[in-house]
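Chain by chain, the residues run as shown.
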Amino acid sequence: MAFFEAENISISFGGIRALNRVSFDVHEGEIFSIIGPNGAGKTTVFNCINRFYDLDQGSFCLENHDLSRIKPHAVADMGIARTFQNIELFKNMTVLDNLILGRHCRRRTNFLKETFFVRAVRDQEIESREKTEEIIDFLDLEAYREQLVLNLPYGVQKTVELGRALAMDPRLLLLDEPSSGLNVEETDDLSFWMSDIKEELGITILLVEHNVGFVQQISDRVLALNFGEVITHGSPKEVLSHPEVMKAYLGEEDDAS
Amino acid sequence: MDVVNEVLQTVLSGISIGCVYGLVALGFVLIYKATEVINFAQGELLMLGAFISYSLIHMLNFSYLAALVVTIIVMGLLGMLLERSVLRLLVGEPVYAIVIVTIGMSFFFRSVVSMIPGWGTDTHGFQTPFTDKIARKGDLVISWEHLSIILITIALILILFSFFRYTRIGTAMRATSQNQLAAVYMGISVTKVFSLTWTIAAALGGIGGILLSPITFVHMNMGFIGLKAFPAAVLGGFGSLPGAIVGGVIIGITESLAGFYLPRGWKDVAAWIILIGVLIIRPQGLFGIQEKKKV
Amino acid sequence: MRFLMKTDYYQDIQLFKYRSTFFWYLSLVMACLILPLLLDEYLLAQLTFICIYAVAAVGLMLLTGYTGQVSMGHAAFFAIGSYTSAILTSKGIPFVLALPTAGIMAGGVGIVIGRPILHLTGLYLAIATMGFAFIVDEILVRWESLTRGNLGFYVDPPSIGPLTFDTEISFYYLSLVILILTLFAARNILRSPTGRAMIAIRDSEVAAEAMGINLAKFKTIAFIISAFFTGIAGSLYAHKLFFINPESYTIILSIELLAMVIIGGLGSLHGAVFGAAFFILLPQVIIMTKDSLPKYIQEQTGLEPALFGLLIVLVMLFEPMGIYGRWLKTKYYFEMFPLYKKDSFKREKKYQKTERR
């Protein structure tokens, strides 16, 4: 059984089939990319995994646990973390608070204990703080610790979102277009971080991307979608030289004339 | 036959009050759609319209029709003045700041009215061409006051509908309510649209006031009826103009029936119970659109 | 400019950021304790009311300012707290039990009110809470066997053990202590995972859910906590006035509480206290300056609310961030002096619907 498996996922919005019997599997510890033109349904896959939508058909499993019907907030407990295409940070909080919030799913106290701020709460807070410091170290965010997120530059915000996802101690990381809006240097940093995440932290990464060069550089395996259906999957080289994939991205020769 | 008549009469008076609620709600939703301001002072605009028409009819001996026209003009100007002097300064500020400003305005109007000689804290009434006139259809007895409200509201709705549908300014207003920035790029003077919105909304409030006066009489706390306009607007689905009227009518009918058939105290509460019930089942109101944030 | 050199993670979460902050607050508390010796009874009573309304405002602030759930029906919780405490003490139950029970009762009703309307947002939620407040108000009037309806209810002065708080001074101290405890509890909640979850819900529900925050659970908790504190304030209110009837708990009170919270400064506990102070002190200021106005205007009963409304409008026009906002800006100016940059707090104005969300 693969680490993460999606089987025949289908969902429609109104009359439009956003996803049509999409199946793929992800091995543990690998970086798996989903590519496809705009509107192919890539982010929809993520939103389904996060249980923001209910599937019409199909299921997905993490290590044999069927996750197709759990509540949206239970997804985090299962070890799945996510970043968003348009940054969904908590803008009025500091970077530190955003990261500490990532630790929420590992919380062991209840709100009565917290009202009185008993020893257990204090220890948990300090432990969260230590863990987030490790992430700040990892992503070089020291300079931005106490700053409000809404004042930060776009690239840094994206990094904070990645950090927040990492703070959740995930086993599977969903990254939605992590390199969009980043310049060359920031994209390089990102690819280094992603290999570090894979090798040092052992986290499996599921990636939605447009930047084909980035995908080629970093992925172990790739899935190509178009109009909600799977075109092909395999190694980056295979997929990116597949004629259907090229047609989806670049169009046929006839269109050019 | 009597029971049916009774029910019909109750429903009809409910519809007429509901029309007034609907008019206030309409002004309210209009402002919200165009400018995203939640106008807590809409009820007070109704009250001001009532007082102005009272003064015109009672103290200056205007005819009902003349008073109606003058009230509309005066209230419209007041709306424009409010927008120019107060609301324009708050463009772009967070929603809650603007809400507090309108709340403050409502306090202010209510109290100022109590200080004006001849108005004060008393309750006043005035004669309309419809006072004490009734219409009969078989056994059914309807007062012309109620009927006039319904007819005038229908006329207003038709006028507004054509205005928004067929005139350039109306279309410009609809465009602005969808996307202010795009409207600016298209050359629409958004500030003029705002002024016009407030003018129309204030005028609607004023008409509501003059229509309501024969039924509830003119007093400074009339604005609380404006509070009923909120559930009307919400019931219809916020941001939906026809929804505001429909919501108002539903609430009017509910109140009327509850007041007649249920024990004391249910009348005030019935409307709210219906509203909460609807919202639990349909969080966006009857005609509203559910906007879930897309990620 | 001050820099805090931190050597310990605990410094991040402690209550007071700088040593000096602690001493400032300590001296403030000392000053509050000595005030009764300097002020006459009337002003002392006003201060007591500030404490009471501040507790209620803290409750509303936690719900609206921190969790982003607007409530226009908090007068209902206030009323439930008042009546619960009044009824229980009239049946002989000691105040020391009646007070928390008032809070718990209000919290219980908070669950009943909060749970079904959790999925509503913004204005819909506000109107639904307004509806609940009207319903509770009507219940209080009609359930005459319990509340004596419009006739009103006489309330005994509170007593804890041998102490009876029936003087102005003693009640003032009681309210002050409860306010301090409330602020302490609120602060604890806000620096803990629950508080962060609440703020997360305000800032981005979608992301909060993705982080594992159970929206329904935390919104309900926020409602319960908020109702609890407001109920406690209601209980104090009842015991202060000795006589309560449903007329004190109308929609106007709900709107006033909301205005308190916004004018004080949305999103801060200081704002709750500042807002309460503003609302109680402003009428006093108006009364004091009334004498300088021409006689005709002076005699009008409508003058005070008119000026009140006008002042609310002016405050919001000049400082949308509220009193605490202005306080922070002033503090920042002095901290940065002489390097203060003129438009440090200029916010980008948001014109589009999508941006405001």
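Keep in mind it's a predicted model, so treat the numbers as computed, not measured.

Visitor: Even after reading the chapter, I still don't get the overall build of chain B, so can you show me in this structure?
Guide: Within chain B, the secondary structure is distributed over 11 helices and 2 strands. For 295 residues, the compact-globule estimate of 2.2 N^0.38 gives 19 Å, and the C-alpha radius of gyration of chain B, at 19 Å, lies within 12% of that figure. The principal-axis extents of the C-alpha atoms in chain B amount to approximately 60 × 50 × 35 Å. Residues counted as buried form 58% of the 295 residues belonging to chain B. For chain B, long-range pairs separated by at least 24 residues make up 71% of all intrachain contacts whose partners lie at least 6 apart in sequence. Entry remark: accessible area of chain B is about 12,600 Å², with carbon and sulfur atoms responsible for 68%. If you average the places of the 18 positive and of the 13 negative side-chain charges in chain B, the two averages end up 13 Å apart.

Visitor: Could you clarify how one ought to interpret unusual backbone geometry in this entry?
Guide: Note: most peptide bonds trans; most residues except glycine with negative phi. Of note, the bond from Phe-337 of chain C into Pro-338 of chain C is cis; its omega dihedral lies within 30 degrees of zero at -5°. The phi torsion at Asn-8 of chain A lies on the positive side, around 50°, for a residue other than glycine. Residue classification places Asn-8 of chain A among the partly exposed positions, given a relative accessible area of 25%. Residue Asn-61 of chain B is not a glycine yet carries a positive backbone phi of 60°. One can find Asn-61 of chain B in the loop between α2 (42-59) and α3 (64-85).

Visitor: When you look at the pairing of strand β2 (residues 16-26) of chain A in this model, what are you seeing that I'm missing?
Guide: Each regular strand carries side chains that alternate between the two faces of the sheet. Residues and elements named next belong to chain A. Pairing geometry for strand β1 (residues 4-13) and β2, over 7 bridges, is antiparallel. Bridging from a neighbouring strand, Phe-4 pairs with Val-26 of β2. Connecting the antiparallel pair β1 and β2 is a turn made up of 2 residues, with Gly-14 showing a positive phi of about 65°.

Visitor: Explain the packing of aromatic side chains here, please?
Guide: Aromatic ring pairs are reported here in terms of the distance separating the ring centres and the angle at which the planes meet. Using the criterion set out here, one finds 30 aromatic pairs over all chains in the structure. Ring centres of Phe-107 of chain B and Phe-308 of chain C lie 6.1 Å apart, and the angle between their planes is 20°; on these two criteria the pair is classed as stacked. A residue pair is termed interchain when its members come from two chains, as with Phe-107 of chain B in helix α4 (residues 95-115) and Phe-308 of chain C in helix α15 (residues 303-318). On the basis of an interplanar angle of 55° and a centroid distance of 5.0 Å, the ring pair of Phe-78 of chain C and Tyr-237 of chain C is categorised as tilted. Taken together, the positions of Phe-78 of chain C in helix α4 (residues 74-90) and Tyr-237 of chain C in helix α11 (residues 215-241) put the pair 159 residues apart, joining distant regions of the chain. Like Phe-78 of chain C, the residue Tyr-237 of chain C is buried in the burial classification. Ring-pair connections join several aromatic residues into one group, and the members of that group are Phe-49, Tyr-53, Phe-78, Tyr-83, Phe-153, Tyr-237 and Tyr-249 of chain C. Just above the ring of Tyr-10 of chain C sits the side chain of Arg-122 of chain A; from NZ or CZ to the centre is 4.2 Å. Sitting over the ring of Phe-90 of chain A, Arg-164 of chain A keeps its end group 4.8 Å from the ring centre.

Visitor: In this structure, what is going on with the pattern of salt bridges? I would like to understand it.
Guide: Side-chain pairs of opposite charge can arise where the charged atoms are in close proximity. Throughout the structure, instances matching the rule amount to 25 salt bridges over all chains. Two residues, Asp-176 of chain A and Arg-82 of chain A, come together in a salt bridge whose shortest N-O distance is 3.4 Å. Taken together, the positions of Asp-176 of chain A in strand β7 (residues 172-176) and Arg-82 of chain A in strand β6 (residues 80-82) put the pair 94 residues apart, joining distant regions of the chain. The exposure class assigned to Arg-82 of chain A is buried, which follows from its relative accessible area of 1%. One salt bridge connects Glu-255 of chain B with Lys-228 of chain B, and the closest N-O pair in it is separated by 3.0 Å. Placement of the pair is Glu-255 of chain B in helix α10 (residues 241-261) and Lys-228 of chain B in helix α9 (residues 223-236), with a sequence separation of 27 residues. In this structure, a network of salt bridges that share partners links the residues Asp-25, Glu-30 and Arg-221 of chain A.

Visitor: What am I meant to see in the sheet that holds β2 of chain A here?
Guide: Across a sheet, strands are paired by hydrogen bonds formed along the backbone, either parallel or antiparallel in direction. All names here are of chain A. With antiparallel pairing, the 4 strands of this open sheet are ordered in space as β2-β1-β4-β5. Pairing within the sheet leaves two strands with one partner each, and these edge strands are β2 and β5 (65-66). Sheet topology note: the strand β4 (residues 57-62)/β5 ladder contains 2 bridges and is antiparallel. Bridged to Cys-61 within β5 is Asp-66.

Rules used in this analysis
Residues numbered from 1 in each chain as written. Chains lettered and ligands numbered in written order. Predicted model: local features only at pLDDT ≥ 70, side-chain atom pairs only at ≥ 80, totals over all residues. Heavy atoms only, no water. Helix = DSSP H or I, 4+ residues; strand = E, 2+ residues; numbered from the N terminus. Rg over C-alpha atoms; globule rule 2.2 N^0.38 Å. Buried < 20%, exposed > 50% of the residue type's maximum accessible area, 1.4 Å probe, protein only. Contact = heavy atoms within 4.5 Å. Areas by Shrake-Rupley, 256 points an atom, 1.4 Å probe, with all protein chains shown as cover. Lys, Arg positive; Asp, Glu negative; His and termini not counted. Charge placed at Lys NZ, Arg CZ, Asp CG, Glu CD. Pairing = 2+ DSSP bridges. Phe/Tyr/Trp six-rings, centres within 6.5 Å; stacked < 30°, edge-to-face > 60°. Lys NZ or Arg CZ within 6 Å of the ring centre and 35° of its normal. Salt bridge = Lys/Arg side-chain N within 4 Å of Asp/Glu carboxyl O.

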